[in-house]
Amino acid sequence: MKAKSLQLLLLTFFISFTSLDNAKAQPAGKEIVVGDAMPAFSLTDQNGKTFNSADYVGKSYLVIYFYPKDESMVCTKEACRFRDIFNDFTKAGAKVIGINAGTVASHKAFADHYKLPFILLSDPGNVVYHKFGVKNTMFMTGRETFVIDPKGKVVFAYTAMMQGKKHADDALAFIRAHKK
């Protein structure tokens, strides 16, 4: 009987905790969907340089992936998959960009540790995360990938919290299938 009471108490606490977390962390803006224009943004990369999204519209595809945390298990697998097929993205005319709320220093260490050849952007306060309407999953920031075409339109969106590698594979497959 005590075990069931403890389980119920833990379940109640977990539901309450995740509901409170999602209530305060959800963006006020709308979710970005296929066909929408990419929100303009400017953030600092892992090398301390400013990245302006407007500088890339009209030049190439952008693969923008939002991930919860540097050095975490699924995020590392996801980043390494983007790294492993990075040349394929380049050949397809795409730039890969990872974004989360981590610091510039954290992104630099993460990129150096795993030899990541692409841009990692620091989004303190999750401002860009909210502009894209990325949803939280339980108590973590979400994992979503967007492909932006050279005209600045969202042409592909993918969400899967635990399938980090699939984000890279599916984004590349989409670009290859739709590139003119």
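Placed above this text is the structure.
Residues numbered from 1 in each chain as written. Predicted model: local features only at pLDDT ≥ 70, side-chain atom pairs only at ≥ 80, totals over all residues. Heavy atoms only, no water.

1. Things to note about the overall build of the protein
When its secondary structure is counted, the protein shows six helices and seven strands. For the protein, the sequential pattern of α-helices and β-strands runs α-β-β-β-α-α-β-α-β-α-β-β-α. A total of 180 residues make up the protein; the buried ones form 44% of that total. Taking as baseline every contact in the protein between residues at least 6 positions apart, the subset at least 24 positions apart corresponds to 68%. Of the roughly 9,600 Å² that the protein leaves accessible, carbon and sulfur atoms contribute 61%. (Helix = DSSP H or I, 4+ residues; strand = E, 2+ residues; numbered from the N terminus. Buried < 20%, exposed > 50% of the residue type's maximum accessible area, 1.4 Å probe, protein only. Contact = heavy atoms within 4.5 Å. Areas by Shrake-Rupley, 256 points an atom, 1.4 Å probe, with all protein chains shown as cover.)

2. Considering the environment of Lys108
As for its placement among the helices and strands, Lys108 is situated in helix H4 (residues 104-114). By relative accessible area, which is 34% here, Lys108 ends up partly exposed. For Lys108 and Asn47, which are 61 residues apart along the polypeptide, the C-alpha to C-alpha distance reads 6.6 Å. Excluding its chain neighbours within four sequence positions, the residues that come into contact with Lys108 are Gln46 and Asn47. A polar contact of 3.2 Å, which involves the side chain of Lys108, links it to the side chain of Asn47. (Polar contact = N/O pair within 3.5 Å; in protein donor to acceptor, adjacent residues only side chain to side chain.)

3. A word on the pairing of strand E4 (residues 94-100)
Most of E4 sits out of view: six of its seven residues are buried. Of the strand pairs in this sheet, strand E3 (residues 61-66) and E4 are connected by six bridges, and their pairing is parallel. Opposite Val63, over in E4, you have Val96 as the bridge partner. In terms of strand pairing, E4 meets strand E5 (residues 119-122) through four bridges, oriented parallel. Within E5, the residue paired with Asn100 across the bridge is Ser122. The parallel pair E4 and E5, bridged by H4, forms a crossover whose chirality is right-handed. (Pairing = 2+ DSSP bridges. Right-handed = clockwise from strand over helix to strand, strands pointing away.)

4. Some thoughts on H4
Regarding H4, the residues found buried are His107, Phe110 and Ala111. In a view along the axis of H4, the buried residues occupy a sector of 95°, so they form one face of it. Against helix H2 (73-84), E4 and E5 lie the buried residues of H4. (Arc of directions from axis to C-beta.)

5. Focus: the sheet that holds E4
The mixed open sheet is built from seven strands, whose spatial order is E2-E1-E5-E4-E3-E6-E7. Across the chains shown, the open sheet's two edge strands, defined by having one partner strand only, are strand E2 (50-52) and strand E7 (154-159). Neighbouring strand axes in the sheet, compared pairwise and without regard to direction, differ in orientation by 30° on average. Sheet strands in contact with H2 are E3, E4 and strand E6 (144-148), and its direction is about 165° off that of E3. Sheet contacts for H4: strand E1 (42-45), E4 and E5; angle to E5, the most-contacted strand, approximately 160°. (Axes fitted to C-alpha atoms, helices over the stretch in contact; angles between N-to-C directions.)

6. Looking at the packing of aromatic side chains
Throughout the structure, instances matching the rule amount to 16 aromatic pairs. Seen from their ring centres, Phe66 and Tyr129 are 6.4 Å apart, and the 70° between their planes marks the pair as edge-to-face. Of this pair, Phe66 sits in strand E3 while Tyr129 sits in helix H5 (residues 127-131), and the two are 63 residues apart along the sequence. A relative accessible area of 3% means that Tyr129 is categorised as buried. Three or more aromatic residues joined by ring pairs make a cluster, and in this case those are Tyr65, Tyr67, Phe82, Phe86, Phe89, Phe110, Tyr114 and Phe118. (Phe/Tyr/Trp six-rings, centres within 6.5 Å; stacked < 30°, edge-to-face > 60°.)

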